[in-house]
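Architecture and fold: a report
Each chain, written out:
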Amino acid sequence: MSMGRRRSLADLSYGLVIGSLAALALLIIVAPVVIVLTTSFTEGRSLKFPPTGFSLQWYEALFDASKSRQIHRAVYNSLEVAAWSTGFGILFGSMASLGLARNRHRLARVADGLFMSPLVLPGLTFGLAALMYFTLIGLRPSLNLIIAGHMIVTVPFIIRTTSASISQLDPALNDSSQSLGASWFYTMRRVTLPLIAPGIFAGAFLAFMASIDNVPVSLFLSTARTDMLPIRMWGMMESTLDPRIAAVSGVLITAAFLLMLIMEWTVGLTRRMRD
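About the thresholds
Residues numbered from 1 in each chain as written. Predicted model: local features only at pLDDT ≥ 70, side-chain atom pairs only at ≥ 80, totals over all residues. Heavy atoms only, no water. Helix = DSSP H or I, 4+ residues; strand = E, 2+ residues; numbered from the N terminus. Rg over C-alpha atoms; globule rule 2.2 N^0.38 Å. Buried < 20%, exposed > 50% of the residue type's maximum accessible area, 1.4 Å probe, protein only. Contact = heavy atoms within 4.5 Å. Phe/Tyr/Trp six-rings, centres within 6.5 Å; stacked < 30°, edge-to-face > 60°. Expected span 1.5 Å × (residues − 1). Bend = angle between axes of the 7 residues up to and from the residue. Salt bridge = Lys/Arg side-chain N within 4 Å of Asp/Glu carboxyl O.

Turning next to the overall build of the protein. What the protein contains, in helices and strands, is twelve helices and zero strands. Taken over C-alpha atoms, the radius of gyration comes to 23 Å for the protein, far larger than the 19 Å a tight globule of 275 residues would show. C-alpha atoms of the protein, sized along the principal axes, occupy 75 × 70 × 35 Å. Put simply, the protein has 275 residues, and 36% of those count as buried. Across the protein, contacts joining residues at least 24 apart in sequence account for 70% of those joining residues at least 6 apart.

Here you go:
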């Protein structure tokens, strides 16, 4: 057999293996989503797959204010925390990115590692550490502390995507603006921020979704009055296997998918994450 033919067969075998692995990974990712969505339309009184019949009753019960008051309160708390933590994250994350992106000093590298550390630490470890720290300084669990905890966890997403946008920004643009007499603030407002805005928005989207889905920080810093959606769903899973859990998951999956499509169309989310 010639060398070229053997190389072609090797390339074909390699392609088949990679394709099979990709298909397996896709199946592992997509199958749970399909199962949850299918189960959310069950007509049964408990979570069961495959469903015995199909009905919209659990979505109707989910959106009924009287039947799902606790879930609605948890959703409101989660949205409020995600909105505030993302807002503060945009402010502090953008400032940190502007200060660290092109700074080659050793302390800047150390600061960047500290900002990224919440992504490395186990979530439960960070949640417990946050509870112990806030208790030590005399603060009790509250919605404000959950916002602070979520902001620390989600800021790295904003820093990373914003820093990627800054690294692609041509320094000559800022130099030209300042050479024409523009102040530092005017250059920042009219040149730098508009050009790095897609990176900021991409990071904000990731931060918002990470906050909505955060369990460890919410678990340790929440109270009965600050019930969060992931904790409420967890409790319902442990106690009753209420089919409304699948309905909530269906709404979250649909909302996340639509938001992801919007972000991909507007700011190129996949490219920002890859950069």
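With that settled, consider the packing of aromatic side chains. Using the criterion set out here, one finds four aromatic pairs in the structure. Relative to Tyr59, the ring of Phe41 lies with its centre 5.2 Å away and its plane at 35°, an arrangement referred to as tilted. Of the two residues, Phe41 sits in the loop between α1 (3-39) and α2 (57-63) while Tyr59 sits in helix α2, which places them 18 residues apart along the sequence. Judged by its relative accessible area of 30%, Phe41 falls in the partly exposed class. An aromatic cluster is defined as three or more aromatic residues linked by ring pairs; in this entry it consists of Trp84, Phe88 and Phe92.

A few words on helix α6 (residues 143-167). In a regular helix each residue adds 1.5 Å, so 25 residues correspond to 36 Å; α6 covers 36 Å between its end C-alpha atoms and thus fits that length. Along α6, the sharpest kink reaches roughly 35°, centred on Thr154 and followed within four residues by the proline Pro156. In terms of residue burial, α6 counts as a mostly covered element, since 19 of its 25 residues are buried.

This brings us to the pattern of salt bridges. Evaluation of the coordinates by the stated rule reveals one salt bridge. Put simply, Arg232 and Asp227 hold a salt bridge, and the shortest N to O gap is 2.8 Å. Relative accessible area serves as the criterion here: at 22%, Arg232 is assigned to the partly exposed category.

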